[in-house]
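Residue-level structural notes
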Amino acid sequence: MTSGTDTGVLRPAGGGTPGWRRALSPRSAGVVYALVVLVAVLSISSSAQGRPAYLSDVNISNILDQSALYGTLSVFMTIMLITGNFDLSVASTAALSGTVALKLVDGHGIAFALITALLVGVLVGLVNAVLVQKVGVNAFIVTLGTLTAVRGVVQAILDGQSITATNTGFHTFSTARVIPDRGTAFAVGALLVAAAVLVAVRAGRRPTRTTVELAVVGIVVLLVAGARPALLNQSVPVWIMLAAALLAGAVLRYTVIGRNLYAVGGNPEAARLSGINVDRYKMAAFVLNGGMAALVGVLYAGRFNSVDPTVLTGGELTVIAAAVLGGTSLFGGSGYVSKSVVGALILFTLSNGFNVLNIGSNYQNVVQGSVLVAAAALYTASSSRGRSFVRARWSAMRGGQGGEALEGGPAPAPAEPQAPSRSSREARQTID
């Protein structure tokens with residue numbers, strides 16, 4: 001089982017496409033290329049209309065702020081999808097945790113409110129996990145039910161009213177901006193590039209996917225630190241999203257836990273026969289997803305220091321859409337958290353671009369829906385299963401055309417009679 005979007009057959013060492021070419025191919029980096037093309041189109045359109053530069057520091061920071069919380073949720077939704085399940089209740093869980101945090105912060109303090117809110121999210125995730133893995137109810141039905149039930153709890157707590165906390169501790173933390181030292185950024189970028197070169201030299205072969213990704217990230221950090229240092233000034237949720245993506249990506253790629261997560265999603269029965277506790281991994285994914293949804297809910301409520309009964313309504317669809325745009329399979333066993341974050345950036349770049357270009361909200365929904373469907377179709381067609389299906393259909397069409405060409409031609413010669421087999425003679429004698 002591979003830890004990526006491709007789950008094809010193993011290639012012999014030294015054969016096949018080099019790792020760096022696979023890493024930069026449209027199949028692997030297509031979502032990144034799509035983001036680059038989208039930004040280029042919006043930049044050109046904005047410039048043609050005489051509007052401010054689309055890639056200004058302020059606008060880039062706005063896009064990152066808008067996508068940070070949903071990007072964080074998409075990281076852990078990707079882990080859920082990798083295990084072969086999905087969770088429709090993440091947005092409602094986040095809303096409930098944010099509501100609980102603001103309800104408790106004034107009377108009991110920040111620490112108690114935060115811990116209680118996180119425990120609420122973990123509890124919702126545990127309920128989903130038990131119902132799906134132990135009771136055996138379909139994940140779609142369970143999480144759809146908890147989505148509705150948890151949203152009902154939020155409405156019951158708020159009683160149709162919005163609430164605002166007097167204690168601004170959550171607001172201060174959620175809106176704080178962390179500015180890394182420019183020298184530190186240069187050092188991190190240089191270390192990443194040096195690590196990529198060192199790994200490639202010690203391996204004694206062509207650059208691999210890992211070395212390419214390390215080098216690209218290092219070069220981007222160096223460029224930002226050198227040419228656009230203002231972009232280092234980002235809010236806490238943005239840094240949380242980046243940290244979650246890096247940590248989850250490292251665990252999935254380089255640890256036994258990550259390989260087991262891909263295994264239980266790709267082929268649960270084979271994973272079970274290999275000695276992997278399938279239920280434990282799938283339940284842990286539900287609990288982790290619930291806990292992180294709770295943290296996102298607290299950050300969201302803290303950003304405005306207020307919540308209402310409709311907070312984060314429909315957010316679960318945005319999170320799943322980001323994961324799908326990133327190429328995560330809905331059937332389990334494949335996906336990358338980094339590409340899911342890029343998928344979230346695409347969605348919010350579209351939304352931001354429509355606002356900058358003053359395009360009506362009706363067209364925004366049409367374009368976003370079309371982009372999602374096109375991305376899902378493209379990933380399905382480019383997957384191993386999709387390519388096999390296309391080849392089979394193409395062969396069937398060619399075979400059908402060949403059969404039609406034979407119509408009107410000479411009839412095929414009748415098959416020569418064959419002597420009956422021994423078993424046929426014995427059966428005939430038994431009947432006689």
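**What about the overall build of the protein chain?**
Per the secondary structure count, the protein chain includes 18 helices and four strands. Here the protein chain, with 432 residues, has 40% of them falling under the buried criterion. Accessible surface, the protein chain: about 22,900 Å² in total, of which carbon and sulfur atoms supply 65%.

**With respect to the packing of helix α10 (residues 236-254) against helix α11 (residues 256-266)**
Here α10 crosses α11 at 80°, and the two axes come no closer than 5 Å. As far as their axial angle goes, α11 and α10 are roughly perpendicular. Taken together, the residues of α11 that come into contact with α10 (itself represented by Val-251, Leu-252 and Tyr-254) are Val-256, Ile-257, Gly-258, Arg-259, Leu-261 and Tyr-262. Tallied by class, the residues present in the contact of α10 with α11 amount to seven nonpolar, one polar and one charged.

**Looking at the confidence of the model for the protein chain**
Predicted confidence across the protein chain gives a mean pLDDT of 83, with 81% of residues reaching 70 or more. For the protein chain, helix α18 (residues 422-431) is the element with the lowest average pLDDT, namely 43, and helix α5 (residues 110-135) is the one with the highest, namely 96. Across residues 1-15, confidence stays below pLDDT 50; counting only partners more than four residues off in sequence or on other chains, it has 29 contacts. Scored below 50 in pLDDT, residues 403-432 shows two contacts in the model against residues more than four places distant or in partner chains.

**Quick look at the pattern of salt bridges**
If you walk through the whole model with that rule in mind, you get four salt bridges. Across the pair Asp-57 and Arg-228 runs a salt bridge, and its minimum N-O distance is 2.7 Å. Taken together, the positions of Asp-57 in helix α3 (residues 57-82) and Arg-228 in the loop between α9 (209-227) and β3 (234-235) put the pair 171 residues apart, joining distant regions of the chain. The salt bridge partner of Arg-177 is Asp-65, with a shortest N-O separation of 3.7 Å. Residue Arg-177 is found in strand β2 (residues 177-178), and its partner Asp-65 is found in helix α3; the two are separated by 112 residues along the sequence. You can call Asp-65 buried: its relative accessible area is 16%.

**Points about helix α6 (residues 139-158)**
Between its first and last C-alpha atoms α6 spans 28 Å; for 20 residues at 1.5 Å apiece the expected length is 28 Å, and the two agree. Listing the buried residues of α6 in full gives Ala-139, Val-142, Thr-143, Thr-146, Leu-147, Val-150, Arg-151, Val-154 and Leu-158. One side of α6 holds all its buried residues, which, seen down the axis, span an arc of 155°. When the buried face of α6 is taken as reference, the exposed residues oriented beyond 90 degrees from it are Ile-141, Thr-148 and Ala-156. On its buried side, α6 packs onto α4 (90-108), α5, β1 (163-164), α13 (278-304), β4 (306-307) and α14 (315-325).

**A look at a nonpolar patch on the surface**
Taken together, the side chains of Leu-123, Leu-126, Val-127, Val-130, Leu-131, Val-135, Val-137, Phe-140, Ile-141 and Leu-144 define a hydrophobic patch exposed on the protein surface, amounting to about 780 Å² of accessible area. Elements supplying a minimum of two residues to the nonpolar patch: α5 and α6. Position of Val-127 relative to the elements: it lies in helix α5.

**Quick notes on the nonpolar core**
With 87 residues, the main nonpolar core has Val-75, Met-77, Ile-79, Leu-102, Phe-170, Leu-252 and Ile-346 as its most contacted residues. Residues within four places of Leu-102 in sequence aside, it is in contact with Ile-163, Ala-165, Phe-170, Ala-301, Asn-305, Ser-306 and Val-307. If you look at the next biggest cluster of nonpolar residues, it comprises six residues, including Ile-60, Val-224, Leu-231 and Leu-232.

**Regarding α10**
Within an α-helix, residues lying three or four positions from one another point in the same direction, as the helix has 3.6 residues per turn. With 19 residues, α10 extends 27 Å from end C-alpha to end C-alpha; this agrees with the ideal 27 Å at 1.5 Å per step. Restricting attention to buried positions, one finds in α10 the residues Val-236, Pro-237, Val-238, Met-241, Ala-244, Ala-245, Ala-248 and Leu-252.

**Thoughts on the side chain of Asn-260**
Structurally, the position occupied by Asn-260 is in helix α11. A distance of 2.8 Å separates polar atoms of two side chains, one belonging to Asn-260 and the other to Tyr-281. When neighbours within four sequence positions are excluded, Asn-260 is seen to be in contact with Ile-276 and Tyr-281.

**Some details on the packing of aromatic side chains**
Both the distance between ring centres and the angle between the ring planes are used here to describe each pair of aromatic rings. Applying the stated criterion to the full structure yields three aromatic pairs. Ring geometry for Tyr-70 versus Phe-348: centroids 5.3 Å apart, planes at 40°, classification tilted. Of the two residues, Tyr-70 sits in helix α3 while Phe-348 sits in helix α15 (residues 337-356), which places them 278 residues apart along the sequence. Classification of Tyr-70 as buried rests on a relative accessible area of 17%.

**What about unusual backbone geometry?**
Although it is not a glycine, Asp-159 sits at a positive phi angle of roughly 55°. Positionally, Asp-159 belongs in the loop between α6 and β1. Unusually for a residue other than glycine, Asn-305 sits at a positive phi of about 55°.

**Re the side chain of Arg-151**
Along the chain, Arg-151 falls in helix α6. Despite being buried, Arg-151 has no salt bridge partner; Glu-316 is the closest side chain of opposite charge, sitting 5.5 Å away. With near-sequence residues (within four places) excluded, Arg-151 lies in contact with Ala-91, Ser-92, Ala-95, Thr-146, Pro-309, Thr-310, Val-311, Leu-312 and Thr-313.

Basis of the calculations
Residues numbered from 1 in each chain as written. Predicted model: local features only at pLDDT ≥ 70, side-chain atom pairs only at ≥ 80, totals over all residues. Heavy atoms only, no water. Helix = DSSP H or I, 4+ residues; strand = E, 2+ residues; numbered from the N terminus. Buried < 20%, exposed > 50% of the residue type's maximum accessible area, 1.4 Å probe, protein only. Areas by Shrake-Rupley, 256 points an atom, 1.4 Å probe, with all protein chains shown as cover. Axes fitted to C-alpha atoms, helices over the stretch in contact; angles between N-to-C directions. Parallel < 35°, antiparallel > 145°, perpendicular 65-115°, else oblique. Contact = heavy atoms within 4.5 Å. Nonpolar A, V, L, I, M, F, W, Y, C, P; charged D, E, K, R; others polar. pLDDT = per-residue confidence, 0-100. Salt bridge = Lys/Arg side-chain N within 4 Å of Asp/Glu carboxyl O. Expected span 1.5 Å × (residues − 1). Arc of directions from axis to C-beta. Patch = residues over 30% accessible without salt bridge, like charges linked within 9 Å, V, L, I, M, F, W, Y side chains within 5 Å. Core = buried A, V, L, I, M, F, W, Y, C linked by side-chain atoms within 4.5 Å. Polar contact = N/O pair within 3.5 Å; in protein donor to acceptor, adjacent residues only side chain to side chain. Phe/Tyr/Trp six-rings, centres within 6.5 Å; stacked < 30°, edge-to-face > 60°. Lys, Arg positive; Asp, Glu negative; His and termini not counted.

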